[in-house]
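Below are the chains, spelled out letter by letter.
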Amino acid sequence: MSEQGNVETLVVLQPIAVDTDSPDWDGMLVIANGLLVAVLVRLDEPEHDDLGSWFLEVGFGRLQGKRAPTFLNLEEATRWLRRCLAPT
């Protein structure tokens, strides 16, 4: 029996500034098991209803084109990312 399903995806967040052409420039590179899989951006534009939340700016690989909710904090974003990237 394979134990692969018991291995949790290692998600590392690395702060980075993102040129979004708006005040939303506080970002995080999302690295999963050594691969860049997404960029998150914190919503700072005053017009946002969910100011301070995190948004999936872009996803790569399995996250490319995936619709994601906004996340209240990075812990919530990390849990969602792990679920999406879990081996099938």
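Here's what I pulled together on the structure shown here.

Analysis parameters
- Here the residue numbers are simple positions, counted from 1 along each chain's written sequence.
- Two thresholds apply to this predicted model, a pLDDT of at least 70 for residue-level local features and 80 or more for giving and counting side-chain atom pairs, whereas whole-chain, interface and lining totals are computed over all residues.
- The basis for the side-chain values is all heavy atoms of the structure; hydrogens and waters are excluded.
- In this description, a nonpolar core means a group of buried Ala, Val, Leu, Ile, Met, Phe, Trp, Tyr and Cys residues linked to one another through side-chain atoms lying within 4.5 Å.
- Exposed residues in this analysis have more than 50% of their type's maximum accessible area, buried residues have under 20%, and partly exposed residues fall in between, with area computed by a 1.4 Å probe over protein chains only.
- Counting from the N terminus, the helices are the DSSP runs of H or I reaching at least four residues and the strands are the DSSP runs of E reaching at least two.
- A contact between two residues is defined here by any heavy atoms of the two lying within 4.5 Å.
- Think of a patch as exposed residues, more than 30% relative accessible area, with no salt bridge, where like charges cluster within 9 Å and nonpolar side chains (Val, Leu, Ile, Met, Phe, Trp, Tyr) cluster within 5 Å.
- To be clear on the numbers: accessible area is Shrake-Rupley with a 1.4 Å probe, and residue cover counts the displayed protein chains and nothing else.
- Any Lys or Arg side-chain nitrogen found within 4 Å of a carboxyl oxygen on Asp or Glu counts as a salt bridge.

### Here's the deal with the nonpolar core
Moving on, step 1. One finds V30, V37, L40 and L63 to be the most contacted residues of the largest nonpolar core, which totals 16 residues.
Moving on, step 2. Counting only elements with at least two residues in this core, the list comes to β2 (26–32), β3 (35–42), β4 (54–59) and α1 (74–85).
Moving on, step 3. For this core, the element with the highest residue contribution is α1, accounting for five residues.
Moving on, step 4. With residues near it in sequence (within four places) discarded, L40 still touches L13, D26, G27, M28, V30, W54, F55, L56, E57, L74, A77 and L81.

### Digging into a nonpolar patch on the surface
Moving on, step 1. Where nonpolar side chains cluster on the molecular surface, the patch consists of L36, V58 and F60 and spans about 230 Å² of accessible area.
Moving on, step 2. Mapped onto the fold, V58 is located in strand β4.

Note that every value here comes from positions in space, so none of it alone points to a role or purpose.
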